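What the coordinates show
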Amino acid sequence: MKSELFVNGKSRVVEGHPMDRLLDILRDELGLIGTKEGCGEGECGACTVLMNGEPVLSCLIPRIQCEAATVETVEGLAAAEARAFLEGFVSDGGVQCGACTPGIIVTALALLRDNPHPDRQEVQTALAGNLCRCTGYEGIHRAFDRGAEDE
Amino acid sequence: MTLLGSSPPRPDGASKVDGTLRYANDLPMDGAWHGATLRSPYPHARIRALQWHPERAPAGAVCVTAADLPGPNGVQLLDDEWPVLAAELVQHVGEPVAVVAAPSKLAARQALRAIEVDYEPLEPTLDLSTAGRQEPLYSLELKSGEAEEELARAHLLVEGTYRTGHQEHIYIECQVMSAGWEADGSLVVEGSMQCPYFVHRSLIHVFGLTAERVVVKATPMGGGFGGKEDFPSVIALHAALLAKACGHPVRIAYDRHEDIIGTTKRHPSVVTHRAAVDAEGHLQAMEIDVVLDGGAFRTLSPVVLSRAVLHAAGPYRCPNVHIRGKVVRTNTAPNGAFRGFGAPQVQFAMERQMDRIARRLGLDPLEIRLRNVLEEGDRLPTGQTMDESCSARLCLEKAARETDFKQRWRHLEAQRRDIADGDSMPGVGLSLYFHGAGFTGNGERVLQSVIEAALLEDGRIEVRTAAVEMGQGCDTVLPMMAAEASGLELEDVVLAPPDTSRVPDSGPSVASRTSMVVGGEVAHVVSEIRDRVLAWWSDRQESGAAHTVEDGLVRGEKGQSWPFREVARSYAEAMGPLVVSRQHEPPEWQVFDEETYQGVAYPTYAFGADVVEVEVDPDTLEVSPKKVTAVCEVGRVLHEKLCVGQVEGGTLQAVAWGLMEEVKLEEGRYLNDRLATYIIPTIKDSPEMEVHLLEKPWKGGAFGAKGVGELPMDGGAPAAVSAVENATGIEVDAIPATPERFLALTSARRQVPSEPEDPERARGADR
């Protein structure tokens with residue numbers, strides 16, 4: 001099937017099997033390799049993108065569900081917003097190996113859009129679906145705390 | 001210059017937050033085919049027949065079995081006992097039996113169905129006690145003093161058996177490797193790996209190629225934790241075999257399910273302690289038996305066991321010690337390298353044993369440790385005398401002070417009986433631990449690591465090592481060490497990619513050795529290039545006076561200055577290429593006798609103490625870690641934020657290993673072979689962490705550094721479980737302390753005594 005998506009603000013026409021995963025459409029058809037596969041079953045959050053403004057797990061979304069959808073990936077989001085947050089995210093130790101990072105950044109920026117000053121518990125709730133194996137999550141909390149201090 | 005200890009941003013940070021960094025599976029396929037693996041469904045079976053039916057497979061698909069190997073059927077690690085592909089026998093569920101390649105992922109999966117295997121199931125060895133009756137994969141013994149005699153006349157004898165389970169690495173990036181053959185017959189392999197030269201060696205071994213004809217390139221890794229030390233050699237061999245068979249480059253990218261069932265894990269362990277203790281709680285003698293489950297093949301188990309035996313007595317003083325260790329074979333996936341490498345298992349046992357001894361004497365966990373803590377001048381069971389870099393007491397006292405441990409532990413012990421049903425039960429626990437820095441024994445001497453630096457035409461210095469960035473931050477820290485030592489700016493130093501055609505074998509990125517060993521040599525070779533450039537420059541100046549380099553500037557004696565990079569560029573123009581290389585030599589006095597297990601097993605040790613606070617739900621028995629205070633003494637903090645990050649991440653892995661992570665096997669088959677069922681902590685499960693870094697520089701190390709990567713893995717689990725005991729009064733001697741295991745212990749009434757067993761002893765102890 002052929003479908004039109006709006007990816008990072010641009011119209012993209014893609015074609016393939018209706019059950020192909022949005023993750024593969026982004027990575028293999030559109031070359032947006034920032035979106036990662038960590039488990040392929042919606043547990044780890046590495047493939048998180050925004051679909052119509054909401055965080056979704058792109059490994060669980062079939063092509064058939066994507067028609068006319070607005071999709072924002074880490075590439076688009078990082079280029080467009082929150083430079084200070086991203087820099088702080090690096091310098092506060094939110095990143096080590098980086099494999100979970102795109103999914104965490106997408107979820108974090110979605111949270112910050114709705115709630116510019118989340119507390120520790122709100123951060124935990126928002127990021128509960130994003131696994132990180134390196135940082136112990138403390139560096140991620142520091143990045144949010146610094147964001148609050150900088151305000 | 002005070003670069004070290006500061007926290008410049010990591011150079012790979014920006015490309016990680018904006019998603020532009022290319023990991024192994026993000027590289028263009030460039031016509032590569034996809035590989036897939038046929039795996040054994042049996043824990044133990046004979047392969048009666050194996051038939052590939054190309055007519056049933058997608059067009060062009062190829063299949064490779066053990067019969068097609070061009071050389072020995074063995075992955076070259078310590079030896080080559082680990083088969084590349086199963087030949088006559090399969091020895092664990094998930095063992096690769098055949099590999100296929102096809103133009104698409106789907107076609108590769110379909111091709112697997114064109115292989116028919118006839119298995120004759122055999123009786124598997126699954127139980128450690130059964131396995132223990134067979135010939136071990138490896139065994140070791142370490143003896144000092146007269147442990148048996150002392151135990152026989154012990155004032156107090158304390159015995160315990162402690163068990164730990166598997167742990168799966170769960171690096172977020174699964175294993176991935178690509179291989180392709182060049183027209184001239186050379187082989188190029190690229191993928192996610194910690195040790196490019198390990199992979200290089202295995203490829204040479206199996207394909208019979210000369211070293212120059214094999215090129216191995218390590219990509220930035222999405223996590224390793226030891227899981228990409230041993231296994232990448234297997235998958236690289238598979239990809240190279242398939243590429244040869246189909247005439248295209250081949251990529252094998254494991255999905256999570258395959259990665260869990262097929263790859264190495266942390267060794268499960270059973271450690272049995274017998275200790276003789278005097279009335280004051282001083283250790284008089286210890287007899288320790290360490291049994292590790294090696295899984296189906298030897299892999300790196302002998303060195304894991306070695307580290308286990310050398311850490312089994314913990315950071316404590318004890319004059320008479322007898323440690324026996326063995327690795328046994330079971331029909332489960334081979335166990336291998338995982339952060340800590342045998343030390344977390346034995347230190348879990350030692351720490352639980354210390355808590356048990358304390359209870360027998362009516363002491364608290366802090367007091368028993370303070371009475372036995374290893375200090376400068378004390379000797380380890382290997383006979384090594386601790387030098388001034390020993391900091392166990394420092395860590396212990398700091399952790400206790402920061403958390404008011406003694407008071408709180410005693411308070412919670414006292415109030416435990418008063419807690420009404422339904423209230424969550426708070427507890428606090430303590431652990432003390434150490435970690436030998438770098439390779440074990442004569443490992444560094446055998447490795448003969450070579451580090452190189454070269455002056456580039458533009459005047460920058462290229463550092464050439466095989467160290468791989470896996471998140472730990474070596475790409476940040478190595479240039480810092482070079483700049484600090486030489487007076488150059490960070491920008492004057494560049495790192496060559498870890499590609500065997502461009503960098504020498506500086507050893508594997510394991511054993512917390514990269515900063516301490518490789519970094520130290522980097523500082524030397526870069527400084528030597530600076531010296532040569534400087535000498536040349538001085539000669540060309542009228543006065544010929546000595547010059548110095550500071551902040552990237554060459555300074556003359558009359559106050560004039562020139563950017564080093566400009567001076568170096570003139571040198572390169574005038575003199576041509578300049579390459580300096582150096583082989584790492586461990587200190588002369590680091591001599592270890594592999595036969596007697598006496599001598600200096602590690603040149604120095606890093607130390608740590610953790611205090612973990614938990615809450616236990618009395619209805620569900622679920623344990624929530626609330627806060628961890630980790631005090632780690634690492635010699636010298638090279639990059640503060642990265643160092644803190646290592647401690648935080650390692651501590652969470654350790655606490656999770658103690659409380660929740662469990663590989664469940666039934667008849668050798670996995671019950672939880674996906675991320676939906678193998679549970680690692682989310683941000684919601686994770687405690688608040690407070691890290692205190694201490695420094696007692698080691699004079700032989702790079703700027704005093706002792707290594708930090710593995711240290712925090714040693715302390716989290718015993719401290720968390722000790723806190724559970726404080727909260728519930730139930731003694732946990734096996735991990736993970738999941739609610740299920742806990743329920744069994746609760747029903748068995750494994751309650752610790754609320755009063756000391758022998759009041760007289762307790763009084764003696766309080767003197």
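Residues numbered from 1 in each chain as written. Chains lettered and ligands numbered in written order. Predicted model: local features only at pLDDT ≥ 70, side-chain atom pairs only at ≥ 80, totals over all residues.

1. Concerning the overall build of chain A
What counts is decided by this rule: Secondary structure elements are taken from DSSP: a helix is a run of H or I of four residues or more, a strand is a run of E of two residues or more, and numbering for both begins at the N terminus. Just to be clear, the radius of gyration here is over C-alpha atoms, and the globule rule we use is 2.2 Å times residues to the power 0.38. A residue is called partly exposed when the number of other C-beta atoms within 10 Å of its own lies between 12 and 20, exposed at 12 or fewer, and buried at 20 or more, with C-beta atoms placed from the backbone.
Looking only at helices and strands, chain A features 6 helices and 5 strands. When the elements of chain A are put in sequence order from the N terminus, they spell out β-β-α-β-β-β-α-α-α-α-α. For 151 residues, the compact-globule estimate of 2.2 N^0.38 gives 15 Å, and chain A sits close to it at 15 Å. Its C-alpha atoms put chain A at 50 × 25 × 25 Å along the principal axes. Burial status across chain A gives 56% buried among its 151 residues.

2. Overview of the overall build of chain B
Each helix and strand counted, chain B has 20 helices and 30 strands in total. Here the C-alpha radius of gyration of chain B, 27 Å, is about what a compact globule of 767 residues would show, namely 27 Å. When its C-alpha atoms are laid out on the principal axes, chain B stretches across 80 × 80 × 50 Å. Across the 767 residues of chain B, 60% fall into the buried class.

3. Concerning the sheet that holds strand β22 (residues 561-563) of chain B
All names here are of chain B. Note the threshold: We treat two strands as partners when DSSP finds at least two bridges between them. Axis definition: a line fit to C-alpha positions, over the contact stretch in the case of helices; interaxial angles, taken between N-to-C directions, run 0 to 180 degrees.
Ordered by their spatial adjacency, 3 strands build an open sheet running β20-β21-β22, and the pairing between neighbours is antiparallel. The open sheet has two free edges, formed respectively by β20 (548-550) and β22, since each of these has just one partner strand. Between one strand and the next, the sheet's axes are offset by a mean angle of 30°, whatever the strand orientation. Strand direction decides the pairing type here: strand β21 (residues 553-555) and β22, joined by 3 bridges, are antiparallel. Its bridge partner lying in β22, Val554 is registered against Trp562.

4. Side note on the domain arrangement of chain B
Residue and element names in this part refer to chain B. Rules: Marked domain ranges trace back to an automatic or database domain assignment. Two residues qualify as a contact pair if the distance between their C-beta atoms, derived from the backbone, is within 7 Å. Gly is placed with the polar residues, together with every amino acid not listed as nonpolar (Ala, Val, Leu, Ile, Met, Phe, Trp, Tyr, Cys and Pro) or charged (Asp, Glu, Lys and Arg).
Split into domains, chain B comes out as domain 1 (13-124 + 169-262), domain 2 (269-440 + 594-766) and domain 3 (443-583). Spacing between the C-alpha centres of domain 2 and domain 3 amounts to 40 Å. Residue-level contacts link 21 residues of domain 2 with 19 residues of domain 3. Across the side of domain 2 that touches domain 3, the residue classes break down as 11 nonpolar, 8 polar and 2 charged.

5. Here's the deal with the domain arrangement of chain A
Residues and elements named next belong to chain A. One can read the domain layout of chain A as domain 1 (2-73) and domain 2 (77-150). Listed by partner, the interface residues are 14 residues for domain 1 and 11 residues for domain 2. Tallying contributions element by element places strand β3 (residues 48-51) first for the side of domain 1 that touches domain 2, with 3 residues. Split by residue class, the side of domain 1 that touches domain 2 holds 6 nonpolar, 6 polar and 2 charged.

6. Looking at the packing of helix α11 (residues 392-403) of chain B against helix α12 (residues 405-415) of chain B
All names here are of chain B. Using the following cut-off: An angle below 35 degrees is treated as roughly parallel, one above 145 as roughly antiparallel, one from 65 to 115 as roughly perpendicular, and anything else as oblique.
Two elements in contact, α11 and α12, have axes separated by 6 Å at closest approach and are oriented at 60°. Between α11 and α12, the interaxial angle falls into the category oblique. Between α11 and α12, the residues in contact are Ala399, Ala400 and Thr403 and Phe405, Lys406 and Arg408, respectively. Looking at the contact of α11 with α12, its residues break down into 3 nonpolar, 1 polar and 2 charged.

7. What about unusual backbone geometry?
Residue and element names in this part refer to chain B. Of note, the bond from Ile735 into Pro736 is cis; its omega dihedral lies within 30 degrees of zero at 5°. Counting through the fold element by element, Pro736 comes out in the loop between α18 (716-728) and α19 (739-747). The residue Phe225 is not glycine, and still its phi comes out positive at about 60°. Positionally, Phe225 belongs in the loop between β11 (214-218) and α6 (232-246). Residue Phe225 is classed as buried on the basis of its 30 C-beta neighbours within 10 Å. We note that Ser512 has phi near 50°; this positive angle belongs to a residue other than glycine. Looking at the secondary structure, you find Ser512 in the loop between β19 (493-495) and α15 (514-540). Residue Ser512 is classed as buried on the basis of its 28 C-beta neighbours within 10 Å.

8. Some points on the interface of chain A and chain B
Tallying the contact residues gives 40 residues for chain A and 42 residues for chain B. Listed by contribution, the elements that provide at least two residues to the side of chain A that touches chain B are α2 (74-80), α3 (83-91), α4 (101-114) and α6 (138-150) of chain A. Class assignment of the residues belonging to the side of chain A that touches chain B gives a composition of 22 nonpolar, 13 polar and 5 charged.

9. A look at the sheet that holds strand β15 (residues 320-328) of chain B
Residue and element names in this part refer to chain B. Taken together, 5 strands build an open sheet; the order of strands is β7-β15-β14-β13-β8 and the sheet is mixed. Edge positions in the open sheet fall to β7 (138-144) and β8 (156-164), since each of these has one partner strand only. Neighbour-to-neighbour, the strand axes of the sheet open up by a mean angle of 5°, direction not taken into account. Examined bridge by bridge, β8 and strand β13 (residues 269-277) share 9 bridges and lie antiparallel to one another. What sits directly across from Leu157, in β13, is Ala276. Relative to β8, helix α9 (residues 343-361) is tilted by about 145°, and along the sheet it contacts β8, β13 and β14 (283-293).

10. As for the environment of B:Ser144
Residues and elements named next belong to chain B. Mapped onto the secondary structure, Ser144 falls in strand β7. On a C-alpha basis, the gap between Ser144 and Thr382 in space is 7.0 Å, while along the polypeptide they are 238 residues apart. Apart from the residues lying within four places of it in its own chain, the contact partners of Ser144 are Asn320, Val321, Pro381 and Gly383.

11. Remarks on the packing of helix α8 (residues 301-311) of chain B against α9(B)
All names here are of chain B. Filter applied, for reference: With the far helix as reference, a near helix turned anticlockwise by less than a right angle produces a left-handed crossing, and one turned clockwise produces a right-handed crossing.
Two elements in contact, α8 and α9, have axes separated by 8 Å at closest approach and are oriented at 30°. Taken together, α8 and α9 sit at an angle that is classed as roughly parallel. Remark: the crossing between α8 and α9 carries right-handed chirality. In contact with Arg307, Ala308 and His311 of α8, α9 contributes Ala343, Gln345, Val346 and Gln347. Among the residues making up the contact of α8 with α9, the classes are represented as 3 nonpolar, 3 polar and 1 charged.

12. Some points on α4(A)
Where we set the bar: To estimate the expected span of a helix, count its residues, drop one, and scale the result by 1.5 Å.
The terminal C-alpha atoms of α4(A), which comprises 14 residues, lie 20 Å apart, in line with the 20 Å expected from a rise of 1.5 Å per residue. Among the residues of α4(A), A:Thr101, A:Pro102, A:Gly103, A:Ile104, A:Ile105, A:Val106, A:Thr107, A:Ala108 and A:Leu109 are the ones counted as buried.

13. Comments concerning helix α17 (residues 640-659) of chain B
Here α17(B) spans 29 Å end to end across 20 residues, near enough to the 28 Å set by a 1.5 Å rise per residue. Of all 20 residues in α17(B), 19 are buried; the element is thus mostly enclosed.

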